[in-house]
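# Structure assessment
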2 protein chains.
Amino acid sequence: MSYEYSTTSNRVVRSEIREILQLTRRPGIISFAGGLPDASLFPIEEITEITAKLLADKGYLALQYGPTSGEQEFKEAMIAFGAQHGEEVTQEQLTVTSSSQQGLDLLSMLLIDPGSPVILELPSYLGGIQAYRRCGADMHGVRMDDEGIIIDDLLACIEKIESGGKKPRFINVIPDFQNPTGITMTLERRHRVLEIGREKQILIIEDSPYREIVFEGEKLPSLWTLSGGKGVVTLKTLSKMLFPGMRLGWMYGDVEVIEKVIGLKQSVDLCTPSFSQLIIAEYFRSGRMAESLRRAIDTYRPKARAMLDALDEHFPEEARWSRPTGGMFLWVVLPEHLDAKEIFMEAIEKNVAYITGQPFHCDGSGRHTLRLNYSFPSIEEIGEGIAKLAGVIKSRL
Amino acid sequence: MSYEYSTTSNRVVRSEIREILQLTRRPGIISFAGGLPDASLFPIEEITEITAKLLADKGYLALQYGPTSGEQEFKEAMIAFGAQHGEEVTQEQLTVTSSSQQGLDLLSMLLIDPGSPVILELPSYLGGIQAYRRCGADMHGVRMDDEGIIIDDLLACIEKIESGGKKPRFINVIPDFQNPTGITMTLERRHRVLEIGREKQILIIEDSPYREIVFEGEKLPSLWTLSGGKGVVTLKTLSKMLFPGMRLGWMYGDVEVIEKVIGLKQSVDLCTPSFSQLIIAEYFRSGRMAESLRRAIDTYRPKARAMLDALDEHFPEEARWSRPTGGMFLWVVLPEHLDAKEIFMEAIEKNVAYITGQPFHCDGSGRHTLRLNYSFPSIEEIGEGIAKLAGVIKSRL
């Protein structure tokens with residue numbers, strides 16, 4: 001039988017990256033590919049203990065349906081956590097999501113009509129690009145330098161969209177330790193992006209999965225904080241700072257936006273699991289999260305250092321790379337005549353994997369770029385893998 | 001600031017029912033409103049034990065990212081469970097979903113363009129209607145009688161759609177203990193629906209949350225089984241037969257359909273929690289599910305009986321109601337001049353709640369209908385609540 005599928009469905013291209021990730025699961029492969037946290041950080045015993053107590057005390061609640069906007073206790077715990085990190089959020093401004101990918105999905109549905117112009121960084125997070133593409137967005141990528149999105153290019157981009165009689169539905173940025181580049185937006189750029197949003201009446205989507213994983217210096221204030229919670233929607237997830245296996249995220253924004261998001265979520269999945277929310281609420285409330293975060297930072301800092309050292313030692317001088325001060329990723333730009341996908345196939349034969357950079361570019365550019373993850377491999381693997389990868393790249397030069 | 005929202009978002013009306021459900025949470029209320037399982041059935045100790053063992057043995061996996069189509073172990077357990085209930089399904093035909101609401105969401109995205117005609121039972125499940133409405137479907141409701149969807153009306157409906165030069169994208173039925181009516185489609189009607197689907201090349205969506213909760217007689221073969229797994233997509237969930245707090249569901253269908261659904265799910269939430277999937281896989285594998293299901297049936301059968309007895313005893317003869325032989329719901333049709341919403345407000349004052357029937361009608365009809373749930377209240381509450389409700393209704397006649 002042959003069915004007629006929707007335009008939405010026809011826009012979906014199954015991600016090449018997800019296919020690549022299959023390859024990287026082969027035993028013996030040193031993988032810099034995924035965005036996986038180090039599983040040795042998972043607080044197995046504490047979660048076991050909390051789950052047993054939760055089920056004994058209120059299993060009737062934990063295994064039942066919950067509210068679409070999330071469990072009160074979870075929301076309160078996330079608000080308290082935010083406050084410790086300089087974010088002021090009210091209950092009404094917040095909703096729980098099934099990790100931040102669902103946040104991107106709901107915002108896509110809320111804001112995008114087929115053909116709607118949206119602005120994102122070039123490169124930007126693949127999951128956002130997938131959701132925006134599915135909804136038929138007209139995606140405009142704005143280049144970044146070491147200080148984040150380039151303001152003049154952003155202004156030119158908006159002007160170009162406006163000259164076509166349209167208005168961007170949002171500007172999506174990842175200010176802290178950006179995925180995929182590892183770049184952090186400077187304070188001055190943050191102010192400028194917010195100013196532009198205010199002047200032009202464009203919503204800013206601040207995707208913020210890595211903000212708390214900071215190796216050096218102080219965190220910069222988030223766009224949410226700098227804006228006083230106006231004109232910004234911020235997406236958070238536990239996937240990077242704790243673990244991804246419960247798929248818990250949350251988002252905050254103008255009450256009007258959040259209420260509409262909750263309305264959409266009803267038709268999407270009714271509610272996020274109460275079971276997981278209540279486990280994590282207790283994990284945060286008991287003060288264990290601060291320790292988790294410290295351990296994550298102490299684990300990832302030397303890994304990032306090891307990768308930078310290995311790159312400095314082995315990589316050819318024709319390549320350039322970012323020097324992240326937090327997060328999970330580092331970005332490599334090869335000479336333009338090299339193709340990261342071709343190199344990947346050779347690297348895989350040598351048992352090293354990474355992710356090609358092109359799918360992170362909404363305009364299809366970036367064939368000579370690649371993303372390296374340092375949170376998942378061990379320090380030994382990082383040294384060995386980077387040396388091998390350098391060999392493959394050098395042989396192509 | 002004022003934003004431009006999408007057409008999709010503007011189609012979403014926040015459900016009146018969800019608002020009503022808030023009222024029914026008041027202490028002292030006897031609620032026939034929600035579709036909640038009886039929390040005394042939740043296997044707290046077993047889940048605690050399994051979770052502890054899972055985290056100890058493979059916490060590194062349970063708390064990590066998993067595949068978009070679901071954990072292998074979960075899929076295998078659901079396939080084995082299906083086989084015990086007469087369903088033959090392969091790995092390639094199946095994908096995990098965040099409960100069956102997400103299945104409806106993904107199918108909506110896959111199949112509906114704004115204006116696409118779709119056919120559903122009149123009345124039908126509210127969550128389906130919400131997802132279809134959000135995608136801009138042109139919904140056509142086909143009436144039911146005690147034997148399920150009325151075949152002549154279905155044919156007439158298809159003819160009407162075809163005469164406008166269009167083709168229905170799917171026919172959505174809930175053959176077993178339908179929500180909201182409690183009606184089960186007869187074997188003959190099942191064959192007829194499938195024949196029509198085959199002849200007209202229309203996909204059948206079989207939503208099947210209640211099939212295993214059967215009080216009397218044998219289960220009828222599912223549409224999936226009768227069709228040999230062709231031209232049907234079947235949605236399953238644990239929410240009704242076990243508990244809803246982990247939001248786990250799965251669906252099976254033609255491989256082509258399922259692959260497209262998985263592609264869509266990537267942009268929606270990347271993956272369903274591995275943590276919950278692995279807990280439930282072990283729960284099923286250890287053989288405990290059969291016992292759970294027996295206990296659920298033994299709990300709900302006398303509750304349904306008690307509700308039917310109370311209705312026979314107290315309800316006015318002008319009202320009619322269904323006599324479900326499984327599932328969680330019973331449907332009441334009042335004389336046409338009565339308004340179930342007005343009666344609801346009076347019933348709530350008397351501390352009894354139910355759900356008005358109108359929102360289950362995609363054409364806005366059904367003001368004089370209401371749905372009663374018997375799985376959540378106790379037998380004593382059922383007797384007392386129905387007597388009170390009968391009093392309110394009689395006073396209106």
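Residues numbered from 1 in each chain as written. Chains lettered and ligands numbered in written order. Predicted model: local features only at pLDDT ≥ 70, side-chain atom pairs only at ≥ 80, totals over all residues.

### Thoughts on the overall build of chain A
If you tally the helices and strands in chain A, you get 14 helices and 14 strands. Relative to the compact-globule value of 21 Å for 397 residues, chain A shows a C-alpha radius of gyration of 21 Å, a close match. Here chain A holds 397 residues, and the buried ones make up 57% of them. Excluding contacts between residues fewer than 6 apart, the proportion of contacts in chain A whose partners are at least 24 apart in sequence is 75%. (Helix = DSSP H or I, 4+ residues; strand = E, 2+ residues; numbered from the N terminus. Rg over C-alpha atoms; globule rule 2.2 N^0.38 Å. Buried ≥ 20, exposed ≤ 12 C-beta atoms within 10 Å, placed from the backbone. Contact = placed C-beta atoms within 7 Å.)

### Section: the environment of T299 of chain A
Residue and element names in this part refer to chain A. Here T299 shows up in helix α12 (residues 288-314). Judged by the 16 C-beta atoms lying within 10 Å of it, T299 falls in the partly exposed class. As a C-alpha pair, T299 and D38 span 261 residues in sequence and 8.3 Å in three-dimensional space. Aside from chain neighbours lying at most four places away, what touches T299 is D38 and L41.

### Quick word on the packing of helix α5 (residues 99-111) of chain A against helix α10 (residues 255-269) of chain A
All names here are of chain A. The geometry of α5 relative to α10 is characterised by a closest axis approach of 10 Å and an angle of 110 degrees between their N-to-C directions. Our classification of the angle between α5 and α10 gives roughly perpendicular. Residues L106, M109 and L110 of α5 form the contact with α10, whose own contacting residues are K260, V261, L264, K265 and V268. Counted by class, the contact of α5 with α10 contains six nonpolar, no polar and two charged residues. (Axes fitted to C-alpha atoms, helices over the stretch in contact; angles between N-to-C directions. Parallel < 35°, antiparallel > 145°, perpendicular 65-115°, else oblique. Nonpolar A, V, L, I, M, F, W, Y, C, P; charged D, E, K, R; others polar.)

### Describing α5 of chain A
Under the 1.5 Å per step criterion, the end-to-end length of α5 of chain A is 19 Å for 13 residues, consistent within 8% with the ideal 18 Å. In terms of burial, α5 of chain A is largely enclosed, as 13 of its 13 residues are buried. (Expected span 1.5 Å × (residues − 1).)

### Things to note about the sheet that holds strand β8 (residues 232-237) of chain B
Whether parallel or antiparallel, the strands of a sheet pair through hydrogen bonds between backbone atoms. Residues and elements named next belong to chain B. Strand order in the open sheet formed by eight strands is β2-β9-β8-β7-β6-β3-β4-β5, and the pairing between neighbours is mixed. Bordering the open sheet on either side are β2 (94-97) and β5 (148-149), each of which pairs with just one other strand. In terms of strand pairing, strand β3 (residues 117-122) meets strand β6 (residues 170-173) through two bridges, oriented parallel. The residue of β6 that forms the bridge with I119 is I171. Packing against the sheet, helix α7 (residues 151-163) makes contact with β3, β4 (138-145) and β5, and its axis sits at approximately 165 degrees to β4. (Pairing = 2+ DSSP bridges.)

### Some details on the interface of chain A and chain B
In this complex, chain A contributes 66 residues to the contact, which on the side of chain B involves 65 residues. Put simply, the parts of the chain that give the side of chain A that touches chain B at least two residues each are α1 (7-11), α3 (44-62), α5, α6 (126-134), α10 and α11 (274-285) of chain A.

### Observations concerning the domain arrangement of chain A
Residues and elements named next belong to chain A. Each assigned domain of chain A is listed with its residue range as follows: domain 1 (13-42 + 291-396) and domain 2 (45-286). One C-alpha centre belongs to domain 1, the other to domain 2; they are set 25 Å apart. The interface of domain 1 with domain 2 comprises 29 residues on the first partner and 29 residues on the second. Every element with two or more residues in the side of domain 1 that touches domain 2 is listed here: α12 and β11 (329-333). Counting residues per element, the side of domain 1 that touches domain 2 draws most heavily on α12, which supplies seven residues. (Domains from an automatic or database assignment.)

### Examining the relation of the copies chain A and chain B
Superposing chain A onto chain B requires a rotation of 180 degrees together with a translation of 0.0 Å along the rotation axis, leaving an RMSD of 0.0 Å. Seen this way, the second copy is the image of the first under a two-fold rotation axis. Of the interface residues in chain A, 98% have counterparts in chain B that sit at the interface too, so the contact is made through matching surfaces. (Least-squares fit on C-alpha atoms with pLDDT ≥ 70 in both.)

### Focus on the nonpolar core
Counting residues in hydrophobic clusters, the biggest one holds 239 residues, and the most contacted among them are I204 of chain A together with I204 of chain B. Aside from chain neighbours lying at most four places away, what touches I204 of chain B is F170, I171, V173, V193, L194, G197, L223, G231 and V232 of chain B. (Core = buried A, V, L, I, M, F, W, Y, C linked by C-beta atoms within 7 Å.)

### Let's talk about helix α12 (residues 288-314) of chain B
Helical geometry: 3.6 residues make up each α-helical turn, so side chains three or four residues apart lie on a common side. Residue and element names in this part refer to chain B. Between its first and last C-alpha atoms α12 spans 39 Å; for 27 residues at 1.5 Å apiece the expected length is 39 Å, and the two agree. Within α12, burial applies to M289, A296, Y300, K303, A304, M307, A310 and L311. Close packing links the buried residues of α12 with α4 (72-84), α11 (274-285), β10 (320-321), β11 (329-333), β14 (369-373) and α14 (379-396).

### Side note on the environment of F344 of chain B
Residues and elements named next belong to chain B. Within the element layout of this structure, F344 appears in helix α13 (residues 340-349). Once the C-alpha coordinates of F344 and E199 are considered, the two residues, 145 residues apart in sequence, prove to be 44 Å apart. Discounting chain neighbours no more than four positions away, the residues touching F344 are Y354 and T356.

### Observations concerning the pairing of strand β8 (residues 232-237) of chain A
Residues and elements named next belong to chain A. Most of β8 is tucked away: six of the six residues are buried. Neither face of β8 is open: one carries V232, T234 and K236, the other V233, L235 and T237, and all of them are buried. Sheet analysis places strand β7 (residues 203-207) next to β8, joined by four bridges and oriented parallel. What sits directly across from I204, in β8, is V232.

### Here we look at the sheet that holds strand β2 (residues 94-97) of chain A
Residue and element names in this part refer to chain A. Strand order in the open sheet formed by eight strands is β2-β9-β8-β7-β6-β3-β4-β5, and the pairing between neighbours is mixed. Lying at the two open borders of the sheet, with one neighbouring strand each, are β2 and β5 (148-149). As paired strands, β8 and strand β9 (residues 249-252) are joined by four bridges and run antiparallel to one another. Within β9, the position partnered with K236 by the bridge is W250. Across the sheet, α10 lies against β2, β8 and β9, angled at about 30 degrees from β2, the strand it touches most.

### Regarding unusual backbone geometry
A cis amide bond links L122 of chain A with the next residue in sequence, P123 of chain A, at an omega value of 0 degrees. Note on placement: P123 of chain A falls in the loop between β3 (117-122) and α6. Omega for the bond connecting N179 of chain B with P180 of chain B falls within 30 degrees of zero, at 15 degrees, which places this linkage in the cis form. Tracing the sequence through the fold places P180 of chain B in the loop between β6 and α8 (187-200). If you check the backbone angles, S99 of chain A has positive phi at about 65 degrees while not being a glycine. Despite not being glycine, L270 of chain B has its phi angle at roughly 65 degrees, a positive value. L270 of chain B gets classed as buried once you count the C-beta atoms within 10 Å, which come to 23.

### Here we look at the packing of α7 of chain B against α8 of chain B
Residue and element names in this part refer to chain B. Following both chains from N to C, one finds α7 and α8 inclined at 15 degrees, their axes separated by 11 Å at the closest point. Of the possible angle classes, the one that applies to α7 and α8 is roughly parallel. The element α7 and its partner α8 pack so that their crossing is right-handed. Every residue of α8 that contacts α7 at I151, L154, L155 and I158 is listed here: R189, R192, I196 and K200. (Left-handed = near helix turned anticlockwise from the far one by under 90°.)

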